[in-house]
Amino acid sequence: DSTQLRLSLFADADFAGCRKTARSTTGVFLALVGPHTFLPLSAISKRQTAVSHSTPEAELVAADHAVRMEGLPATNLWSTLLGREVGLVFCEDNETCIRVVETGKNPTMRHIGRTHEVDLAFLHERFAGGDLKMETTPSLRQSADIFTKSFNGNDWPHARALICTGTLAEAYA
């Protein structure tokens, strides 16, 4: 039943992961999910173009990239293909980032650069408008995590399962 399909969008960041530049890496994962559906649509691993001063700030940059470059275009495409509105659920594991997007401000991030300030204003406007939904996602279910850092042998099967199997569909359908 295609009426239960939705887009699940994940974004993650590794704060200052590059030892040379102190820049963070953005990870993005997008899937079409439903009760019996799990279709990975896109995945991104990209170095951020500006230095962030905190994990929530790096997460904010990753969220902006995910929503603007993957989520919104996919929503338009899948709504056209299915002949109905397809919901987009943004899955975030950083509670501070979620709160900042919901309120549109954070006193501890009042000195963020202009680029990051624009990211925040855009995200706040889109989620406040009600056309996008945000869910708090446990870190163990953060599918974009695999695109931001290396894993040891014990963690790799779990990280891979989040993007390659129905594990995600079961959790988010």
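Below is a short write-up of the structure. (Residues numbered from 1 in each chain as written. Predicted model: local features only at pLDDT ≥ 70, side-chain atom pairs only at ≥ 80, totals over all residues. Heavy atoms only, no water.)

Okay, unusual backbone geometry next. Trans peptide bonds make up the majority, and among non-glycine residues the majority have a negative phi. The phi dihedral of A16 falls on the positive side, at around 50°, and the residue is not glycine. Residue placement: A16 occurs in the loop between strand 1 (6–14) and strand 2 (25–34). You can call A16 partly exposed: its relative accessible area is 30%. A positive phi angle is found at A22, which is not glycine, with a value near 65°. As for its position among the elements, A22 is in the loop between strand 1 and strand 2. Note on A22: relative accessible area 32%, which makes it partly exposed. (Helix = DSSP H or I, 4+ residues; strand = E, 2+ residues; numbered from the N terminus. Buried < 20%, exposed > 50% of the residue type's maximum accessible area, 1.4 Å probe, protein only.)

Time to look at the pairing of strand 2. Regular strands have side chains that alternate between both faces of the sheet. Judged by how many residues are buried, strand 2 sits mostly within the fold: 10 of 10 residues are covered. Of the two faces of strand 2, the one holding T25, G27, F29, A31 and V33 and the one holding T26, V28, L30, L32 and G34 are both buried throughout. As defined by bridge partners, strand 1 adjoins strand 2 across nine bridges and the pair is classed as antiparallel. Looking across to strand 2, one finds that L7 is bridged to L32. Taken together, the 10 bridges between strand 2 and strand 3 (residues 37–47) define a ladder with antiparallel strand orientation. When the sheet's bridge partners are listed, G27 is paired in strand 3 with S45. The antiparallel hairpin formed by strand 2 and strand 3 contains two residues in its connecting segment. (Pairing = 2+ DSSP bridges.)

Note that side chains of opposite charge can pair when their charged atoms are close. Counting across every chain of the model gives seven salt bridges. The closest approach of N and O atoms between E135 and R6, which form a salt bridge, is 3.6 Å. Here E135 is found in strand 5 (residues 133–136), whereas its partner R6 is found in strand 1, with 129 residues between them in sequence. Accessibility expressed as a relative area gives 16% for R6, which makes it buried. Via salt bridges that share partners, R6, K133 and E135 belong to a single interconnected network. (Salt bridge = Lys/Arg side-chain N within 4 Å of Asp/Glu carboxyl O.)

Pairing is mixed across the open sheet formed by five strands, whose spatial order is 3-2-1-4-5. The open sheet terminates on both sides in strands that have one partner only, identified here as strand 3 and strand 5. Between one strand axis and the next, the sheet turns through 20° on average, direction left out of account. With four bridges joining them, strand 4 (residues 88–92) and strand 5 adopt parallel strand pairing. Within strand 5, the residue paired with F90 across the bridge is M134. Seen against the sheet, helix 1 (residues 55–82) touches strand 1, strand 2, strand 3 and strand 4 and runs at an angle of roughly 160° to strand 1. Packing against the sheet, helix 2 (residues 95–103) makes contact with strand 4 and strand 5, and its axis sits at approximately 155° to strand 5. (Axes fitted to C-alpha atoms, helices over the stretch in contact; angles between N-to-C directions. Contact = heavy atoms within 4.5 Å.)

Moving on to the nonpolar core. Judged by nonpolar contacts, the single largest core of 30 residues is most densely connected at L7, L9, V67, F90, V101, L123 and F127. Those elements that place two or more of their residues in this core are strand 1, strand 2, helix 1, strand 4, helix 2 and helix 3 (114–128). Tallying contributions element by element places helix 1 first for this core, with nine residues. In terms of nonpolar packing, the next biggest core, distinct from the first, is built from 12 residues, V33, F38, I146 and F147 among them. (Core = buried A, V, L, I, M, F, W, Y, C linked by side-chain atoms within 4.5 Å.)

Turning next to the pairing of strand 4. Within strand 4, five of the five residues are buried, which leaves it mostly tucked inside the rest of the structure. Burial along strand 4 is two-sided: L88, F90 and E92 facing one way and V89 and C91 facing the other are all buried. With four bridges joining them, strand 1 and strand 4 adopt parallel strand pairing. In the strand pairing of strand 4, L7 is matched with L88.

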